[in-house]
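What follows is the residue order along each chain.
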Amino acid sequence: MDEVTDSQSLSAEMNSEDGKNDAPETSPNDGKLEREAQMSDLTKGCVAVENAHVDLACQNSADCGSAGRVDETCLGDSRRKGVQAECSNGQKSKRPGSPGPHPVKSTCVAANANSELTLCLSSNPSKAVSSDIEMPSPNSPVCKDMLSSNAADKDYDGSTSAEDFAFTKAHVMGRQKIVKNSDWESSGKEKRHPAAMGTEDAEMLECSGSSNISQDAIENQVESLFPSASFGADKRWFGTPVDELNRLPQCAPPLSHLRAVSNHTVTVRTDLLREGEVPVPYPSKFKDAWDDVSVKMPCSEKNLFPMETEDGSDVRSRWELIQSSLKRGFKSSLDVRDAILRYNTAHAKRWDFTALNLLCTECLERRETQHLFEVVLPAMANLALSAPRLCSMPIPLLKSGMNHSLTLSQEQIACLLANAFFCTFPRRNVRKSDYCSYPEINFCRLFEGSSTRKTEKLKTLLCYFRRVTQDVPKGLVTFTRQTLNNPPVWESSKTQLTRLHIACDGTIEDDGYGMLQVDFANRFVGGGVTGHGLVQEEIRFVINPELIVSRLFTEALEYNECLIITGTERYSNYSGYAESYEWKDSCKDETPRDDWQRRCTEIVAIDALKYRRFLEQFLPEKMTRELNKAYCGFHRNGANTKHLSAVATGNWGCGAFGGDTRLKALIQLMAAAEAGRDVAYFTFGDPELMRDVHKMHTFLTKRQVNVGQLYSLLNQYFNMVCKNCRKSRPDISLYTFIYKNVSSPTPTPADSTNSATSVGMPAATPDTH
């Protein structure tokens, strides 16, 4: 009861300090980093994991492996004069920073070499030259402005996308050429991550949790675990070699025959499912359903449109109006606008098609525009109008509290997305409707405004539509809403931490192939993908557009829910991030398929909490919520852990959401261990975080600290350090606190109830190497 009261009082205190303690941790360019770099004497004495200074160096990243030529044309970019595509020949190649061969699962499809063409939508092959765009320094005013705009980009309930500063920095850094003595490299030692820094001495206020053990003693004990030679500044990864971690399909057991059951809806003929053949829709005739448990389809006979006649008001079939509008053909973006507004008259004065018009008039050359209007858009219209034939079964809504799976064919998904492009889904254009708790699905907001984000997203999506209308995809995709009703009793867990591979280079989608890949999600899955958003989640949704269809039927996620998507295909390569995002070229996904004809790409959407104050995230109930959310995403009921792939993740819920990278790393390691999975962690260009997390993981595993003991340490950190701290950040970092308490040979009388020994920690003993 006392802990609850303390938590409530801390929350109240946080809310009362709005003007005083506006969270600097959530704004990477607010000037606070310079001040926080002046570390307190106490923090300066912390262990090496807190003191490690590394030069932040950038390196060019090979997006697609070794170069090679293929004969499929793809999109270009008018803003780049000479574009150079790095393509894969489909052979195994060495990935930098990790030993052993890595089978490349995606291939760049050759880009158009004609620098005058921006969007090669035709099938005529042409030569290409490509080069990565030159990115600004992460500390440059341009980059800082970009980060600031990201934090201000809001989607649903005022929330922002759950992506962080470090991820943005990685995408900027990963495509820069290194200047050996650049300002960024030379200042890397000073601009440390806020989570690892104390505040300036002038703000020093006393926090509880002092120890009789000196900081030097802690540092010496921790340093004894880590030979200095193993932490060279040039090392780009630590821990278990990534090739030793489980990946799909190698680790997966044989699948049983696919069939529809009470908690799994399948919309194709499973008896006719064959490799290399387009799945057959089921049933053979359209079955209408206009209710509160199914998607209201545009082709429903109950989808009516009000009409004014000479005799008064009347209604007619909206689907008939959609058909007549889309069959008229398109000669310009104005024709697309007029067609869409013909069956959306209520929004004629509000909807804006500036981005679509800019794409067609300024971003594409005449030949490409002509091909778009004469070939691609008519094919998309025909695909959309095939809904009664292709999507004949009612599509169930994946509502809150459900444990249900839905398997669709890639062709059915393409049909649904074509309808989303032409904004045909009824009741989905206003918030106050039957679907107010669902994400938006119609693309109307994607067409508005003059931001280059919109035109680049449209290029990426048109690449997808060109591909699927030219060659019908032949696989399936499964969407599973999973609810965690019985979370672990964390304080009682005896589970040891699993293996960790951690790297400052690489991305989840490229280097985490075959693993369970984490989508740093908005609770409305997809976040701002159909709007202005263009960070981690939105980028993944546009390069794997089949993810977008989940917004059609997935209600906003609750605190104990996640969405698992298996089988989506990647269609595009890209460079940059947010304002610097650019579509590069078409991507041929070579990921193998499983027995259900799904790509072996498993993505889990988990939404993190957003914090207004740094200390808020250390409240026990907040940490437990994040543990349960991550565990919900990683856990599989009844699965043998040897058949589970590793988790590929990164700085989930940090940056704009205010999460501390080091706390979030521990939370994900604990959840993955409890779920029986190893972890591949990508710090997105932050080598200091990479070293800190690796040292902590090594320290905890050598000391055999289990999940339950670590959970107790997290709660002790709140009670002893955070609860009575009167400033925005505590003087003692989380990792320093853990090192101190686990290394403590005997508890002092004052700390006897809170010491590591009291929760069963093994006493520190000299390690031999």
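A brief report on the enclosed structure follows. (Residues numbered from 1 in each chain as written. Predicted model: local features only at pLDDT ≥ 70, side-chain atom pairs only at ≥ 80, totals over all residues. Heavy atoms only, no water.)

**Comments concerning the pattern of salt bridges**
Right, so step 1: Tallied over the full model, the rule gives 26 salt bridges.
Right, so step 2: For Arg-453, the salt bridge identified is with Glu-579, shortest N-O distance 2.9 Å. Here Arg-453, found in helix H15 (residues 452–470), pairs with Glu-579, found in the loop between strand S13 (572–575) and strand S14 (582–589); they are 126 residues apart in sequence, far enough to count as distant.
Right, so step 3: On the basis of relative accessibility, which here comes to 1%, the residue Arg-453 falls in the buried class.
Right, so step 4: Glu-602 serves as the salt-bridge partner of Arg-636, at 3.2 Å between the closest nitrogen and oxygen. Remark: Glu-602 occurs in strand S15 (residues 602–607) and Arg-636 occurs in the loop between helix H19 (620–634) and strand S16 (647–649); sequence separation between them is 34 residues. Of the two residues, Arg-636 and Glu-602, both sit in the buried class. (Salt bridge = Lys/Arg side-chain N within 4 Å of Asp/Glu carboxyl O. Helix = DSSP H or I, 4+ residues; strand = E, 2+ residues; numbered from the N terminus. Buried < 20%, exposed > 50% of the residue type's maximum accessible area, 1.4 Å probe, protein only.)

**Concerning the state of the cysteines**
Right, so step 1: Throughout the structure, instances matching the rule amount to zero disulfides.
Right, so step 2: Distance from the sulfur of Cys-363, which forms no disulfide, to the nearest cysteine sulfur (Cys-360) is 8.9 Å.
Right, so step 3: With no disulfide of its own, Cys-391 lies closest to Cys-415 among cysteine sulfurs, the gap being 4.1 Å. (Disulfide = S-S within 2.5 Å.)

**Some thoughts on the layout of surface pockets**
Right, so step 1: One number sums up the size of the largest pocket: a volume of about 1,300 Å³.
Right, so step 2: Lining the largest pocket are 39 residues, with Leu-255, Arg-598, Glu-602, Arg-636 and Asn-637 positioned closest to its centre.
Right, so step 3: Counting residues per element, the ones that place at least two in the lining of the largest pocket are strand S8 (404–409), strand S9 (476–483) and strand S12 (561–566).
Right, so step 4: Per-element accounting of the lining of the largest pocket gives the leading share, five residues, to S9.
Right, so step 5: For the lining of the largest pocket, the residue count by class is 13 nonpolar, 19 polar and seven charged. (1 Å grid on protein atoms, 1.4 Å probe; cavity = no way out; pocket = protein on both sides within 12 Å on 5 of 7 lines; lining within 4 Å. Points joined across faces, edges and corners; volume = space filled by probe spheres on them. Nonpolar A, V, L, I, M, F, W, Y, C, P; charged D, E, K, R; others polar.)

**Focus: helix H20 (residues 661–675)**
Right, so step 1: With 15 residues, H20 extends 21 Å between its outermost C-alpha atoms, agreeing within 8% with the 21 Å of an ideal straight helix rising 1.5 Å per residue.
Right, so step 2: Most of H20 is tucked away, with 14 of its 15 residues classed as buried.
Right, so step 3: Looking at the residues trailing H20, positive phi occurs at Gly-676, about 85°. (Expected span 1.5 Å × (residues − 1).)

**Considering the sheet that holds S8**
Right, so step 1: Spatial strand order, S4-S10-S17-S16-S11-S15-S12-S9-S8-S5: ten strands in an open sheet with mixed pairing. In the strand order of this sheet, the two ends are held by strand S4 (237–239) and strand S5 (264–266), each with one partner. Taken pair by pair, the neighbouring strands of this sheet meet at an average axis angle of 20°, ignoring direction.
Right, so step 2: Across three bridges, the pairing between S16 and strand S17 (residues 679–682) is parallel. Paired with Val-647 across the strands is Val-679, a residue of S17.
Right, so step 3: Running at roughly 165° to strand S10 (residues 500–503), helix H21 (residues 687–702) makes contact with S4 and S10 of the sheet. (Pairing = 2+ DSSP bridges. Axes fitted to C-alpha atoms, helices over the stretch in contact; angles between N-to-C directions. Contact = heavy atoms within 4.5 Å.)

**Some remarks on the packing of aromatic side chains**
Right, so step 1: Tallied over the full model, the rule gives 17 aromatic pairs.
Right, so step 2: Pairwise contacts between aromatic rings join Phe-330, Phe-353, Phe-421, Phe-422, Phe-443, Phe-447, Tyr-464, Phe-465 and Tyr-571 into one cluster.
Right, so step 3: Seen from the ring of Tyr-513, Arg-247 lies directly overhead, with NZ or CZ sitting 3.9 Å from the centre. (Phe/Tyr/Trp six-rings, centres within 6.5 Å; stacked < 30°, edge-to-face > 60°. Lys NZ or Arg CZ within 6 Å of the ring centre and 35° of its normal.)

**A closer look at the nonpolar core**
Right, so step 1: Ranked by internal contacts, the top residues of the largest apolar core, which has 89 residues, are Phe-422 and Phe-553.
Right, so step 2: In this structure Phe-553 touches Val-295, Ile-395, Pro-396, Leu-397, Leu-398, Leu-406, Leu-408, Tyr-438 and Phe-479, once residues within four positions along its chain are discounted.
Right, so step 3: In this structure, Val-604, Leu-619, Leu-689 and Val-721 belong to the second largest nonpolar core, which totals 76 residues. (Core = buried A, V, L, I, M, F, W, Y, C linked by side-chain atoms within 4.5 Å.)

**Examining the environment of Asn-263**
Right, so step 1: Turning to its location among the elements, Asn-263 is positioned in the loop between S4 and S5.
Right, so step 2: Among the residues examined, Asn-263 registers a relative accessible area of 42% and is labelled partly exposed.
Right, so step 3: For the pair Asn-263 and Asn-403, spaced 140 residues apart in sequence, the C-alpha to C-alpha distance is 6.9 Å.
Right, so step 4: Excluding residues that lie within four positions of it along the chain, Asn-263 makes contacts with Asn-403, His-404 and Ser-405.

**Re the packing of H20 against helix H22 (residues 707–722)**
Right, so step 1: The contact between H20 and H22 brings their axes to 10 Å, and the two run at 150°. When the axes of H20 and H22 are compared, the pair comes out roughly antiparallel. Between H20 and H22 lies a crossing whose hand is left-handed. Of H22, the residues touching H20 (which contributes Leu-663, Leu-666, Met-670, Ala-673 and Glu-674) are Val-707, Leu-710, Tyr-711 and Leu-714. (Parallel < 35°, antiparallel > 145°, perpendicular 65-115°, else oblique. Left-handed = near helix turned anticlockwise from the far one by under 90°.)

**So, the side chain of Arg-636**
Right, so step 1: The class of Arg-636 is buried, set by a relative accessible area of 14%.
Right, so step 2: Within polar-contact distance, the side chain of Arg-636 engages the side chain of Glu-602 at 3.2 Å.
Right, so step 3: Looking at Arg-636, its side chain comes within polar contact range of the main-chain oxygen of Gly-633, at 2.8 Å.
Right, so step 4: Setting aside its immediate chain neighbours within four residues, Arg-636 contacts Gln-482, Leu-516, Ile-564, Glu-602, Leu-644 and Arg-677. (Polar contact = N/O pair within 3.5 Å; in protein donor to acceptor, adjacent residues only side chain to side chain.)

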